[in-house]
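Here is what each chain is made of, one letter per residue.
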Amino acid sequence: MLETRPYVSWDLVHDFMVDVFVKYGVPEEDARICTDVLLESDRRGIESHGCNRFKPIYLDRIKNGTLLPKTDIEIVKDTPCTVVMDAHNGMGMVASYKMMEMLIEKASKYGMAGGTIFNSTHYGIAGYWTTMAEKAGMIGISGTNARPSVAPTFGVEPMMGTNPLTFTMPTDEAFPFNFDCATSIIQNGKIEFYARQNKETPAGLVVAKDGGTMTESAAILKEMRAGNVALLPLGGLGEETGGYKGYGFTTIFRQNMWGATNLSAALAGGPYMKALSGKDENSNNTMFRLGHFFFVINPEFFMGLDTFKKTAGGICRGLRNSKKAPDAEHIYTAGEKEYLAWQDRKEKGVPMGESIQKEFIQLRDELALTQYKFPFEK
């Protein structure tokens, strides 16, 4: 599809977002981490989690008090192979960066390491954290819970989060194997992106209270906030297409993560399902208190990194070279499309739609960041 949106250089968007974060009270070093995580989404073509979410998910939450700009990281438990961390409702991306640094160091010494974070907030794309492990020559695994938006099989009420699970593995190719997706068919950010583009959400991804489907993106977002619609788990509606599988995965990632956190944090307990909605019993804004989990595996403690990379690359090449469907031009492996998106955007910059353009101009003017002039301004 021909891109009609204007491109903005990576350096300009990066510097602007860092300065805005700082104006909102985020320390500069933390602001750089958060900005890089968001822009990595756009580099990979995952626009649902990039600039698209800069203002509504991070800045607006800082402003309404449900996200603290300064992240007070507390190491609750630290062993040779595990870490439990309390993010104290600060920037989830900052806590996750510290966590991965610690786990990579532990895995380099002991072969494996795992950690959990609680009292956290949105941590961006899970693939950023697993890629940190891959760049160190290791396997990265991460997942998170999220505000309730997914219905259980045969249900219509949003009870679980989209709860992504991500794996990134080094290969001998130009890009790693990077599998990063939610355990629901679609995630909230994608519907937000559709709404910004005035596009409908495909049928069969969202279920209403009457059991029917909805497609009008803006209406879905409105009804979702009211708890009147829910996303469907992987496999879709009912059992015939395997919806119970996505339902089961979503439940496992939520329960496994919080079970581990509770045990490691002296059974301190952690919220789940509707307690993660960001609203209290009176529908007032409150902290989200999300949880994340991370695992790092060092191939050198098995058959070695070179052997692992060669085998992983061989599997990917075998899949891509397998027989294609008559109307298919190419078989992709996980991470390939994201790599191709970066090759296309590396020199061009960030494609930016009208709604994000307006947000950037508004932020620039409100914060008196007069040094910035955007190429889309007339």
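Summary of the structure given here. (Residues numbered from 1 in each chain as written. Predicted model: local features only at pLDDT ≥ 70, side-chain atom pairs only at ≥ 80, totals over all residues. Heavy atoms only, no water.)

## Examining the overall build of the protein chain
Summing up its helical and strand segments, the protein chain has 11 helices and 11 strands in all. For 378 residues, the compact-globule estimate of 2.2 N^0.38 gives 21 Å, and the protein chain sits close to it at 21 Å. If one aligns the C-alpha atoms of the protein chain with their principal axes, the spans along those axes are about 55 × 50 × 50 Å. Counting across all 378 residues of the protein chain, residues that qualify as buried make up 53%. Counting contacts in the protein chain only where the partners sit at least 6 residues apart, residues at least 24 apart contribute 67% of the total. With an accessible surface of roughly 17700 Å², the protein chain has 53% of that area assigned to carbon and sulfur atoms. Charged side chains in the protein chain number 41 positive and 45 negative. The centres of these two groups are separated by 1 Å. (Helix = DSSP H or I, 4+ residues; strand = E, 2+ residues; numbered from the N terminus. Rg over C-alpha atoms; globule rule 2.2 N^0.38 Å. Buried < 20%, exposed > 50% of the residue type's maximum accessible area, 1.4 Å probe, protein only. Contact = heavy atoms within 4.5 Å. Areas by Shrake-Rupley, 256 points an atom, 1.4 Å probe, with all protein chains shown as cover. Lys, Arg positive; Asp, Glu negative; His and termini not counted. Charge placed at Lys NZ, Arg CZ, Asp CG, Glu CD.)

## Focus on the pairing of strand E5 (residues 139–144)
The buried fraction of E5 amounts to six of the six residues, a majority that puts the element mostly inside the structure. Of the two faces of E5, both are covered, the one formed by Ile139, Ile141 and Gly143 as well as the one formed by Gly140, Ser142 and Thr144. Here E5 pairs with strand E10 (residues 290–297) via six bridges, running antiparallel. When the sheet's bridge partners are listed, Ser142 is paired in E10 with Phe294. One ladder, built from four bridges, connects E5 with strand E6 (residues 165–169); its direction is antiparallel. (Pairing = 2+ DSSP bridges.)

## Details of helix H1 (residues 10–23)
Taking 1.5 Å per residue, 14 residues should reach 20 Å; H1 reaches 20 Å between its end C-alpha atoms and fits that length. Within H1, burial applies to Trp10, Leu12, Val13, His14, Phe16, Met17, Val18, Val20 and Phe21. (Expected span 1.5 Å × (residues − 1).)

## Quick look at the packing of aromatic side chains
Per the stated rule, a full pass over the model turns up 13 aromatic pairs. Here Phe16 and Tyr372 contribute two aromatic rings whose centre-to-centre distance is 5.3 Å and whose plane-to-plane angle is 80°, an arrangement assigned as edge-to-face. Here Phe16 is found in helix H1, whereas its partner Tyr372 is found in the segment after helix H11 (354–366), with 356 residues between them in sequence. On the basis of relative accessibility, which here comes to 0%, the residue Phe16 falls in the buried class. A relative accessible area of 9% means that Tyr372 is categorised as buried. (Phe/Tyr/Trp six-rings, centres within 6.5 Å; stacked < 30°, edge-to-face > 60°.)

## Here's the deal with the environment of Lys98
Inspection of the secondary structure assignment puts Lys98 in helix H4 (residues 92–110). Residue Lys98 is classed as partly exposed on the basis of its relative accessible area of 38%. When the C-alpha atoms of Lys98 and Met85 are compared, they prove to be 9.6 Å apart, with 13 residues separating the residues in sequence. If sequence neighbours within four positions are ignored, Lys98 has contacts with Ile73 and Met85.

Scope: geometric values only; no functional claims are made or implied.
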